[in-house]
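# Tertiary structure, described
So you can see what is in the structure, the chains are spelled out below.
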Amino acid sequence: MTTMEKLHAHHEKLIGTIRELVERTKADPAEASLLVSYCGEFLLAHAEAEESTLYNADANAEFVDKMVREHREIKELLESIGNALGTGGASLIISESARFMELLNAHFLEEENILMPRLSNKMSEGEMENLITEAHRVEGEKKRSDIWSLFELDHKRIDLNMSRMRMPGVHLDAARHYYSRMRGQLLKHIELEETVLFPAFEEHANPGQMGPVQVMISEHREIVSIISPSLEDIDEESLRSRTDLLIGKLAVHNKKEELILYPMINRTLQASHRARVFKESFDGLAAA
Ligand SMILES: [Fe+2]
Ligand SMILES: [Fe+2]
Ligand SMILES: [Fe+2]
Ligand SMILES: [Fe+2]
């Protein structure tokens, strides 16, 4: 494979997943949590690595400025999608995701059709090879593997589905649909915390740090008991009372995780370990 083909293949892999996540977001804006998490981990690291390698090697300052500006715009759009998720702004999420996808498509094309040919005209294939290897190395190094943000965004996905169940005038069928989505996501979220996240933390935590984990696990048992009945076994009255109970419990539980536990886990795990935990957790959340 030539270096140009390598960059193309790398772009295709990134953009293929991102395109799927944008489609998922269009169909259900609550799924923007996955789009923002995935891009925060893989796309932003890619962009930062390019700036210090490929862009740095290009002599056309005006072009490089424009591409760096686009990186900033991509980052800002992701932040704005993440914020809209927190406030339940479904139509904003959809329009911003469409803009994001358009910008990213155009941006990747310029890298492949303008930047790469220009670089390979002035550099030998060996030099290009080294540059791409260096880009990949930096990309790995720049991954944030932000566990805190990943799980906090998933709280928002669950919150949005709960708030949809309580929208004034919501049809019973719709409320049941959102209950079933929310239930599956919440059970998966708790399962990943208990089987992936907390055990990873336990390996490196000192005994005093495990107290908060024990509290979270016992709260999980209460939460799971509230949503234990599946959709078939639940009537309208029980659906509403369980949702009200759950909203109160989750508000307190999630705050504790977001303010204490997740930041502590981010600080405690080494970067490479955090990257593995991030990937495994992301794949699990995306399957729910
Ligand atoms: Fe780029
Ligand atoms: Fe790129
Ligand atoms: Fe939890
Ligand atoms: Fe959580």
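On a predicted model such as this, the values are computed, not experimentally measured, just so you know. (Residues numbered from 1 in each chain as written. Chains lettered and ligands numbered in written order. Predicted model: local features only at pLDDT ≥ 70, side-chain atom pairs only at ≥ 80, totals over all residues. Heavy atoms only, no water.)

A rise of 1.5 Å per residue sets the reference length of helix H9 (residues 210-226), with its 17 residues, at 24 Å; its end C-alpha atoms lie 25 Å apart and thus fit the reference within 8%. Along H9, the positions that sit buried rather than exposed are Met210, Val213, Met216, Glu219, His220, Ile223 and Ile226. Next to the buried residues of H9 lie helix H8 (172-204) and helix H10 (236-268). (Helix = DSSP H or I, 4+ residues; strand = E, 2+ residues; numbered from the N terminus. Expected span 1.5 Å × (residues − 1). Buried < 20%, exposed > 50% of the residue type's maximum accessible area, 1.4 Å probe, protein only. Contact = heavy atoms within 4.5 Å.)

Looking at the metal site, the iron ion (ligand 1) is ligated by Glu50 (OE), Tyr55 (OH), His71 (NE2), His107 (NE2) and Glu111 (OE), spaced 1.9 to 2.4 Å from it. Within one chain, the residues serving as donors to the iron ion (ligand 1) are arranged as E-x4-Y-x15-H-x35-H-x3-E. The metal-metal distance between the iron ion (ligand 1) and the iron ion (ligand 2) comes to 3.7 Å, with glutamate 50 coordinating both. Here tyrosine 55 is found in helix H3 (residues 54-57), whereas its partner histidine 71 is found in helix H4 (residues 61-87), with 16 residues between them in sequence. With a relative accessible area of 2%, tyrosine 55 lands in the buried category. (Donors = N, O, S within 2.8 Å, 3.2 Å for Na, K, Ca; no water.)

Let us now look at the nonpolar core. A general trend in soluble globular proteins is that nonpolar side chains are found buried together. Counting residues in hydrophobic clusters, the biggest one holds 52 residues, and the most contacted among them are Ile18, Leu43 and Phe100. Ranked by residues supplied to this core, first place goes to helix H2 (residues 32-52) with nine residues. Residues from two domains meet in this core; each of domain 1 (3-142) and domain 2 (147-286) gives at least three. Once residues lying within four places of it in the same chain are set aside, the contact partners of isoleucine 18 are Leu35, Tyr38, Cys39, Leu43, Phe100, Met101 and Leu104. The next biggest cluster of nonpolar side chains, apart from the first, holds 17 residues, and it includes Val170, Tyr178, Leu186 and Leu239. (Core = buried A, V, L, I, M, F, W, Y, C linked by side-chain atoms within 4.5 Å. Domains from an automatic or database assignment.)

Applying the stated criterion to the full structure yields 24 salt bridges. Glutamate 70 is paired through a salt bridge with lysine 66; the nearest N and O atoms lie 2.7 Å apart. Taken together, the residues span about one helical turn, with glutamate 70 and lysine 66 both in helix H4 at a distance of four residues. Given a relative accessible area of 28%, lysine 66 falls into the partly exposed group. With its nearest N and O atoms 2.9 Å apart, the salt bridge here joins glutamate 134 to arginine 137. Highlighted residues: glutamate 134 and arginine 137, both in helix H6 (residues 125-142), separated by three residues, approximately one helical turn. Overall, glutamate 134 belongs to the partly exposed group, its relative accessible area being 31%. With a relative accessible area of 45%, arginine 137 lands in the partly exposed category. Several salt bridges share partner residues, and in doing so they unite Arg24, Glu31, Asp154, Arg157 and Arg181 into one network. (Salt bridge = Lys/Arg side-chain N within 4 Å of Asp/Glu carboxyl O.)

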